[in-house]
Amino acid sequence: GAPLPLQDHARRSLRSAILMKRAEARLNEAVLAEGLTPAPLATRIGINTGDMVVGNMGTEKKMNYTMMGDAVNLAARLEAGSKQYGVYTMLSQYVLDNEFTDATGQTRKVRDLVETRFIDRLTVVGKSEPVEVYELCAMKGDLTAQEQELLPLFAEAMGHYQRMEWDQAIAKFERADKIERIPDGATTHSRGFIK
């Protein structure tokens, strides 16, 4: 919502992240085809919403338009932490719980407009309450056939895991790992739970 306030800032941030990852895939395809780089570009994104200070900060000699606050710190931690989970875009429960009024006057919850996958409950440095974090997969209705198969299977595996039904959880995570969204990284989200 900065520099101009936007009611649907959380939804826009998720849509922007999806479009950025699509553009990155097209760029990688082009530069790899031309042999311009030996490895694809792989950026990670952390998304959070909350109160923060935004604006020009610094001195007359050195000034930056930047942001500060706990909400910003959590977003940075999500971006950095996404690697260990084998995902590229990680967001907090606060983004999904964000509500706004759309152009028709209807109150909408961001959670109902996107496709996500539960990742974990994290307690970040300096905080005592855990935060639910999710992988951003697509806008509502835009899942691929592979993702439509993966997400319910992964949710079943996670249910077994949370109930400490280890054998069933491992079996489901192993099946999910075969159809993961990003199979060529150092790890996948499913593989992380198998270990």
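Higher on the page you've got the structure.
Residues numbered from 1 in each chain as written. Predicted model: local features only at pLDDT ≥ 70, side-chain atom pairs only at ≥ 80, totals over all residues. Heavy atoms only, no water.

### So, the nonpolar core
- Residues Leu 14, Ile 47, Leu 91 and Leu 136 are the most contacted members of the largest nonpolar core, which totals 31 residues.
- Elements that contribute at least two residues to this core include exactly helix H1 (9-33), strand E1 (45-47), helix H3 (93-96), strand E7 (114-122), strand E8 (131-139), helix H4 (145-162) and helix H5 (166-177).
- With near-sequence residues (within four places) excluded, Ile 47 lies in contact with Ser 13, Leu 14, Ala 17, Ala 75, Leu 78, Thr 89, Met 90, Leu 91, Ser 92 and Val 95.
- Among the nonpolar cores identified, the runner-up in size contains 10 residues, and Tyr 85, Met 90, Val 131 and Val 133 belong to it. (Core = buried A, V, L, I, M, F, W, Y, C linked by side-chain atoms within 4.5 Å. Buried < 20%, exposed > 50% of the residue type's maximum accessible area, 1.4 Å probe, protein only. Helix = DSSP H or I, 4+ residues; strand = E, 2+ residues; numbered from the N terminus. Contact = heavy atoms within 4.5 Å.)

### Some details on the pattern of salt bridges
- Applying the stated rule across the entire model yields 14 salt bridges.
- One salt bridge in this structure joins Arg 11 and Asp 8, with 2.5 Å as the shortest N-O distance.
- On the accessibility criterion, Asp 8 (10% relative accessible area) is buried.
- Taking the shortest distance from any N to any O, the salt bridge between Glu 115 and Lys 140 comes out at 4.0 Å. Separated by 25 residues along the polypeptide, Glu 115 in strand E7 and Lys 140 in the loop between E8 and H4 bring together distant segments of the chain.
- On the basis of relative accessibility, which here comes to 15%, the residue Glu 115 falls in the buried class.
- We classify Lys 140 as partly exposed; its relative accessible area is 45%.
- Through salt bridges with shared partners, a single ionic network connects Arg 117, Glu 135, Glu 147, Glu 180 and Arg 181. (Salt bridge = Lys/Arg side-chain N within 4 Å of Asp/Glu carboxyl O.)

### Here's the deal with the environment of Phe 193
- One can find Phe 193 in helix H6 (residues 189-194).
- By relative accessible area, which is 15% here, Phe 193 ends up buried.
- Residues within four places of Phe 193 in sequence aside, it is in contact with Ile 119, Phe 154, Met 158, Tyr 161 and Phe 173.

### Focus on helix H2 (residues 70-85)
- If you check H2, its first and last C-alpha atoms are 22 Å apart, about what 16 residues at 1.5 Å a residue would give, namely 22 Å.
- Glu 79 marks where H2 bends most, by close to 25°.
- Looking one or two residues beyond H2, the residue adopting positive phi is Gly 86, at roughly 75°. (Expected span 1.5 Å × (residues − 1). Bend = angle between axes of the 7 residues up to and from the residue.)

### A look at the environment of Leu 153
- Along the polypeptide, Leu 153 turns up in helix H4.
- Taking the C-alpha atoms as reference points, Leu 153 and Arg 175, separated by 22 residues in sequence, lie 7.9 Å from one another.
- Discounting residues that sit within four places of it in the chain, Leu 153 has contacts with Lys 172, Arg 175, Ala 176 and Ile 179.

### Observations regarding the packing of H4 against H5
- Interaxial distance between H4 and H5 falls to 8 Å at its minimum, and their mutual angle equals 160°. Taken together, the axes of H4 and H5 lie roughly antiparallel to each other. The element H4 and its partner H5 pack so that their crossing is left-handed. Contact with H4, carried on its side by Leu 150, Leu 153, Phe 154, Glu 156, Ala 157, Met 158, His 160 and Tyr 161, involves Trp 166, Gln 168, Ala 169, Lys 172, Phe 173, Arg 175 and Ala 176 of H5 and no other residues of that element. (Axes fitted to C-alpha atoms, helices over the stretch in contact; angles between N-to-C directions. Parallel < 35°, antiparallel > 145°, perpendicular 65-115°, else oblique. Left-handed = near helix turned anticlockwise from the far one by under 90°.)

### What about the packing of aromatic side chains?
- If you walk through the whole model with that rule in mind, you get 7 aromatic pairs.
- Taking 6.2 Å as the distance between ring centres and 70° as the angle between the ring planes, the aromatic pair formed by Phe 154 and Phe 193 counts as edge-to-face. Of the two residues, Phe 154 sits in helix H4 while Phe 193 sits in helix H6, which places them 39 residues apart along the sequence. Assigned by exposure class, Phe 154 and Phe 193 land together as buried.
- When the centroid spacing of 5.0 Å and the interplanar angle of 10° are considered together, the rings of Phe 173 and Phe 193 count as stacked. Placement of the pair is Phe 173 in helix H5 and Phe 193 in helix H6, with a sequence separation of 20 residues.
- We classify Phe 173 as buried; its relative accessible area is 0%.
- Among the aromatic residues, ring-to-ring pairing joins Phe 154, Tyr 161, Trp 166, Phe 173 and Phe 193 into one connected group.
- The ring centre of Tyr 88 lies 4.2 Å from the NZ or CZ of Arg 44, which sits over that ring. (Phe/Tyr/Trp six-rings, centres within 6.5 Å; stacked < 30°, edge-to-face > 60°. Lys NZ or Arg CZ within 6 Å of the ring centre and 35° of its normal.)

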